[in-house]
Amino acid sequence: ARASSRLYQLGRGKSFGTGLSRMMSLGDVQQAGRRQGRGSGQGTTAGNNQNASGGSRGKLVEAESKETGSVSPQVYLRYALHIGPAITALITLGLVAGQAAYLAADWWLAIWSRADANEQNEDRWLWVYGLLTGIVIVLSFIRAFVFFEFTVKAATRIHDIMAARVLRAPLSFFHTNPTGRILNRFSKDLAQVDDLLPITCFDALQTGFQVLSAFVLVSVAVPVILPVFLPLAVFFYLLRQRYVRTSREIKRWEAITRSPVYAFFSATLKGLPTIRAYSAQERFQDKFLAQLSRNGEWYFAFLGVSRWIGFRLDVISAVTLIAAALLSMAIKGSVSTAILGLALTYVLQLTGAMQWFVRQTAEVENNMTSLERLLDYTTLPQEPPHVAEGGG
């Protein structure tokens, strides 16, 4: 009767679903009722606290870990190692060769356009241009196939390591980490690394080489335009730094506030008969919607900062295009018309590519926060090996 009375009191508290799951896992309703903290999930024996890999007293479920500041270079390095050093070098070489062939094809087309009328009818122009175009197509296909094939394999390898480490983690890990927190990393975070990270990373690398090649061509053909693009690069860099500083932390908080949603849903399903017995459906629904709203607030904040940087990049790009066009009209008598036209074409591409490059590099760092959380589970402490595996 005393245990039933305590259970009813817990049903009126804010942490009923979580408390019920803990009581069921401990297997002793009376002891769990005495240990249950009011609304915070605190209260356990000192022995359980010491096993909770942190030794923090008076708290069963630990707060989820969260990194701060920029993503560590070690995260990028470990991702490259999972892809493979040789494959990483091959992809880089393919990006350089493909962009060089693309630039050579455009340069050959500019030379062809300013040749004499009789020379333009020669077959060599068409053969060389067709050959360079074919090389660009083949290299683009190969580098894309290799990149996405091995990034998916890298994500699979990380998943397998995570699963093995979690399955061999000590029991204290499952006492101090709710099921929803583990599911969050194996579902949403892994989906980010599987789907979004390869796409944004490939776009960032490809756009980076496009920006570099366009910058080289403009520097050679129309060096007077360089004073326009150097401030542009500085403005883009400063905007990116300010945007990433905010969006990166928003993505981390968005991931952390997603874990209670999974945990609460799982705990609610386990305690559904008791919830219905005490007619607490409405209160549990309200709490679940509150947790969804809290997670949605961070996602909405991420969309807001994305629009913030998008508007400012568009304004800077438009001003740069106007300045480049005015400078080109001022020097049109001293530069070949064909080269000037090619340079202006690349100016248009350069501003758009720089804008997209800033966005994609920022998205890479945002998605790297998910990889950061996955790699954290690849270093979990392990139980001692079994006797059959050579243990004591």
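To start, this report covers the structure provided alongside it. (Residues numbered from 1 in each chain as written. Predicted model: local features only at pLDDT ≥ 70, side-chain atom pairs only at ≥ 80, totals over all residues. Heavy atoms only, no water.)

Let us look at the overall build of the protein chain. Counting its regular elements, the protein chain contains 15 helices and zero strands. Here the protein chain holds 392 residues, and 40% of them are scored as buried. Across the protein chain, the fraction of contacts at a sequence separation of at least 24, relative to all contacts at a separation of at least 6, is 82%. With an accessible surface of roughly 21,000 Å², the protein chain has 64% of that area assigned to carbon and sulfur atoms. (Helix = DSSP H or I, 4+ residues; strand = E, 2+ residues; numbered from the N terminus. Buried < 20%, exposed > 50% of the residue type's maximum accessible area, 1.4 Å probe, protein only. Contact = heavy atoms within 4.5 Å. Areas by Shrake-Rupley, 256 points an atom, 1.4 Å probe, with all protein chains shown as cover.)

A word on the packing of aromatic side chains. All told, the structure shown has 12 aromatic pairs when counted by the stated rule. Measuring from ring centre to ring centre gives 5.3 Å for Phe-148 and Phe-202, while their planes differ by 50°; the resulting arrangement is tilted. On the criterion of sequence distance, the pair formed by Phe-148 in helix 8 (residues 123–167) and Phe-202 in helix 10 (residues 179–221) is long-range, its members being 54 residues apart. The class of Phe-202 is buried, set by a relative accessible area of 7%. Relative to Phe-288, the ring of Phe-264 has its centre 6.2 Å away and its plane inclined at 20°; by these criteria the two rings are stacked. Highlighted residues: Phe-264 in helix 12 (residues 259–270) and Phe-288 in helix 14 (residues 281–330), separated in sequence by 24 residues. Residue Phe-264 is classed as buried on the basis of its relative accessible area of 6%. Residue classification places Phe-288 among the partly exposed residues on the basis of a relative accessible area of 22%. (Phe/Tyr/Trp six-rings, centres within 6.5 Å; stacked < 30°, edge-to-face > 60°.)

This next bit is on helix 6 (residues 85–113). Between the first and last C-alpha of helix 6 there are 43 Å, a value that for 29 residues agrees with the 42 Å anticipated at 1.5 Å per step. Among all positions in helix 6, only Ile-87, Ile-91, Gly-94, Leu-95, Gly-98, Gln-99, Ala-101, Ala-105, Asp-106, Trp-108, Ala-110 and Trp-112 are buried. (Expected span 1.5 Å × (residues − 1).)

Right, let's talk about the nonpolar core for a bit. Core analysis: the largest hydrophobic core is formed by 30 residues, its most contacted members being Tyr-79, Ile-158, Phe-173, Leu-197, Met-368, Leu-371 and Tyr-377. Elements that contribute at least two residues to this core include exactly helix 5 (73–83), helix 6, helix 8, helix 10 and helix 15 (337–377). With residues up to four places along the chain from it excluded, the contact list for Phe-173 reads Val-166, Ile-182, Tyr-377 and Leu-380. By size, the runner-up hydrophobic cluster in this structure holds 22 residues, among which are Val-244, Leu-313, Ile-316 and Leu-350. (Core = buried A, V, L, I, M, F, W, Y, C linked by side-chain atoms within 4.5 Å.)

All right, on to unusual backbone geometry then. Of note, Ser-279 is a non-glycine position whose phi angle comes to about 55°, a positive value. In this structure, Ser-279 sits in the loop between helix 13 (272–277) and helix 14.

Packing of helix 6 against helix 8 leaves a shortest axis separation of 9 Å and a crossing angle of 155°. The pairing of helix 6 with helix 8 is recorded here as roughly antiparallel in orientation. Note that helix 6 runs across helix 8; the crossing there is left-handed. Classifying every residue of the contact of helix 6 with helix 8 gives 24 nonpolar, three polar and two charged. (Axes fitted to C-alpha atoms, helices over the stretch in contact; angles between N-to-C directions. Parallel < 35°, antiparallel > 145°, perpendicular 65-115°, else oblique. Left-handed = near helix turned anticlockwise from the far one by under 90°. Nonpolar A, V, L, I, M, F, W, Y, C, P; charged D, E, K, R; others polar.)

We now examine helix 12. With 12 residues, helix 12 should reach 16 Å at 1.5 Å per residue; the first-to-last C-alpha distance of 17 Å fits that figure. Those residues of helix 12 not exposed but buried are Ser-259, Val-261, Phe-264, Ser-266, Ala-267 and Thr-268.

On to the side chain of Arg-143, then. Of note, Arg-143 is situated in helix 8. Of the buried charged residues, Arg-143 lacks a salt bridge, with Asp-203 as the closest side chain of opposite charge at 9.2 Å. At 2.9 Å, the side chain of Arg-143 forms a polar contact with the side chain of Gln-206. When neighbours within four sequence positions are excluded, Arg-143 is seen to be in contact with Gly-94, Leu-95, Gly-98, Gln-99, Phe-202 and Gln-206. (Lys, Arg positive; Asp, Glu negative; His and termini not counted. Salt bridge = Lys/Arg side-chain N within 4 Å of Asp/Glu carboxyl O. Polar contact = N/O pair within 3.5 Å; in protein donor to acceptor, adjacent residues only side chain to side chain.)

On to the pattern of salt bridges. This model, assessed by the stated rule, comprises 10 salt bridges. The residue Arg-124 makes a salt bridge to Glu-122 at a minimum N-O spacing of 2.6 Å. With a relative accessible area of 39%, Arg-124 lands in the partly exposed category. A relative accessible area of 34% means that Glu-122 is categorised as partly exposed. Among the salt bridges present, the one from Arg-185 reaches Asp-376, with a minimum N-O distance of 3.4 Å. One end of the pair, Arg-185, is in helix 10; the other, Asp-376, is in helix 15, and 191 residues separate them in sequence. Among the residues examined, Arg-185 registers a relative accessible area of 2% and is labelled buried.

Here Thr-257 is to be found in the loop between helix 11 (226–256) and helix 12. By relative accessible area, Thr-257 is classed as buried at 10%. When the C-alpha atoms of Thr-257 and Asn-184 are compared, they prove to be 10.0 Å apart, with 73 residues separating the residues in sequence. Not counting the four nearest positions on each side in its chain, Thr-257 is found in contact with Arg-294, Asn-295 and Trp-298. A distance of 2.9 Å separates the side chain of Thr-257 from the backbone oxygen of Trp-253, its partner in a polar contact. A polar atom in the side chain of Thr-257 sits 3.0 Å from the side chain of Asn-295.

Relative to the elements of secondary structure, Gln-291 occurs in helix 14. Residue class for Gln-291 comes out buried when judged on its relative accessible area of 11%. Excluding residues within four positions of it along the chain, Gln-291 makes contact with Pro-260, Val-261 and Phe-264.

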